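These are the residues of each chain, in order.
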Amino acid sequence: MMTSAVHVGDAARTAAHLVATARARGLPWDHLPLASTRTDWAGPVAGVQRAVLGATWLGRLAVAARRHDVVHVHSATTVAHSRRTAPRYVLHCHGTDVRTTQYDPTHGPSVRRALAEAEAVLYSTPDLAEHVLPHREDAGYLPVPVSVDDLPRWSPDTAQPRVVFASRWESVKGLDGQLDTARRLVAALGDRAEVLGLDWGPDTDAARAAGVRLVPRRGHTEFLAWLAGSTAVVGQAAGILSASELEAMGTGAPLLLPTGLPLYAGLAGTPPPVVGGSPAAVAEAAVALAGGASHDPAVGRAWVRDEHGVEQAVDTVAALYAAVVAERRADR
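Residues numbered from 1 in each chain as written. Predicted model: local features only at pLDDT ≥ 70, side-chain atom pairs only at ≥ 80, totals over all residues. Heavy atoms only, no water.

J.: Explain the overall build of the protein to me, please; I cannot follow it from the model alone.
T.: The number of helices and strands found in the protein is 13 helices and 12 strands. By the compact-globule yardstick of 20 Å for 332 residues, the protein fits well, its C-alpha radius of gyration being 21 Å. Counting only C-alpha atoms, the protein reaches 65 × 50 × 35 Å along its principal axes. By the burial criterion, 49% of the 332 residues in the protein qualify as buried. Contacts in the protein between residues at least 24 apart in sequence constitute 64% of all its contacts with a sequence separation of at least 6. Counting only carbon and sulfur atoms, one obtains 53% of the accessible surface of the protein, whose full area is about 15100 Å². Side chains of the protein give 31 positive and 34 negative charges; the mean places of these two sets differ by 7 Å. (Helix = DSSP H or I, 4+ residues; strand = E, 2+ residues; numbered from the N terminus. Rg over C-alpha atoms; globule rule 2.2 N^0.38 Å. Buried < 20%, exposed > 50% of the residue type's maximum accessible area, 1.4 Å probe, protein only. Contact = heavy atoms within 4.5 Å. Areas by Shrake-Rupley, 256 points an atom, 1.4 Å probe, with all protein chains shown as cover. Lys, Arg positive; Asp, Glu negative; His and termini not counted. Charge placed at Lys NZ, Arg CZ, Asp CG, Glu CD.)

Shown next as structure tokens:
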């Protein structure tokens, strides 16, 4: 018998990828987005709007929780709201929730309670193990799922070569390494290629000062096309591969990293096919690519498919659901 599930919220499009692939297989999985992504609710009118939206959303969640075997909540911070009508849940940790919010004096207790009370816990990048496992030693690593077949193919714009930064400008992304890399790229590339980044994050002024030309954030489809049309993509300097880096590799674009990836040793069948390891190495590789150095896009696409393919992720999550339901029955 197939286990039904509702995914609550999302992060890095993980829920969207999992649910779409599961439904294509005929699995009874659904998705309930959050009531709103708005962060500023100042003022009496906004307060009333928030209350109405929240009550309506909780009602929808209550119905979904009754209809499905498993409630799969994305982000430990969501549980403070969802547990009101869905007290039994699988928790999926994605980053800031356990890496940062967990240690906040105000919100930390709620995050740790969410970890403790979950029927099962997943985390999406290897750096999160140190923040999750002390509370849930049974937590499992689920690599960020990517639907490679839905990505555009790497086709760099030869008329206007560009090297782009895929991440926001913020300390959690390894800001010092990003800025060092940016300065080196601008100096090394000169007028041979543009150095671009997203106008996103609290440290965009520092990126501009380093010589990066910032462009507005865009919809996901347009973002992917931007990556696929670039000469090379520079990933974050925090030592992990988030969705943006994986999607860049999945298009076939060269992924340049200003740091190593020691946390991935032993996790993947083969090492991630990235170039760099230091800001200087990234600049050297970017100059070579802008000058026409060869690059095989199939290597990155194959690695992402093998190590982060959404099909494998659905298999893993479906098995977890079955185990959760079986454990409930055993406890009766």
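So, next bit.
J.: Which parts of the structure should I look at to understand helix α13 (residues 310-331)?
T.: Residue pairs three or four apart in sequence face the same way in an α-helix, which turns once every 3.6 residues. Compared with an ideal rise of 1.5 Å per residue, which puts 22 residues at 32 Å, α13 spans 32 Å between its outermost C-alpha atoms and is within 8% of the ideal. Listed as buried for α13 are Val-310, Ala-313, Val-314, Val-317, Tyr-321, Val-324, Val-325 and Arg-328. Down the axis of α13, the buried set is contained in an arc of 105°. They therefore lie on one face. In α13, the exposed residues that point more than 90 degrees away from the buried face are Arg-329 and Ala-330. (Expected span 1.5 Å × (residues − 1). Arc of directions from axis to C-beta.)

J.: How should the sheet that holds strand β8 (residues 194-198) be read in this particular structure?
T.: Paired through backbone hydrogen bonds, the strands of a sheet run either parallel or antiparallel to each other. Spatial strand order, β9-β8-β7-β10-β11-β12: 6 strands in an open sheet with parallel pairing. Of all strands in the sheet, those bounded by a partner on one side alone are β9 (213-215) and β12 (275-276). Where strand β7 (residues 162-165) lies against β8, 3 bridges are found, and the strand directions are parallel. The residue bridging Val-163 from the neighbouring strand is Val-195, located in β8. Packed onto the sheet, helix α9 (residues 220-228) meets β7, β8, β9 and β10 (232-234) and runs at close to 135° relative to β7. (Pairing = 2+ DSSP bridges. Axes fitted to C-alpha atoms, helices over the stretch in contact; angles between N-to-C directions.)

J.: Hey, could you run me through α9 in this one?
T.: Every buried residue of α9 is listed here: Phe-223, Leu-224, Trp-226, Leu-227 and Ala-228. Looking at the buried positions of α9, the neighbouring elements they touch are β7, β8, β9, β10 and α10 (243-251).

J.: What's the story with the side chain of Thr-101 in this structure? I'm lost.
T.: Counting through the fold element by element, Thr-101 comes out in the loop between α4 (96-99) and α5 (108-117). Setting aside residues no more than four positions away along its own chain, Thr-101 makes contact with Thr-77, Thr-96, His-107, Gly-108 and Val-111.

J.: What exactly am I supposed to notice about the layout of surface pockets here?
T.: A water-sized probe rolled over the atoms picks out the places where empty space is left. Its boundaries defined by the atoms lining it, the second largest pocket holds a volume of some 880 Å³. Taken together, 27 residues make up the lining of the second largest pocket; nearest its centre are Ala-12, Arg-168, Trp-200, Ala-243 and Ser-244. The set of elements that each furnish at least two residues to the lining of the second largest pocket consists of α4, α9 and α10. By residue number, the principal contributor to the lining of the second largest pocket is α10, which donates 4 residues. Its residues assigned to classes, the lining of the second largest pocket shows 9 nonpolar, 10 polar and 8 charged. (1 Å grid on protein atoms, 1.4 Å probe; cavity = no way out; pocket = protein on both sides within 12 Å on 5 of 7 lines; lining within 4 Å. Points joined across faces, edges and corners; volume = space filled by probe spheres on them. Nonpolar A, V, L, I, M, F, W, Y, C, P; charged D, E, K, R; others polar.)

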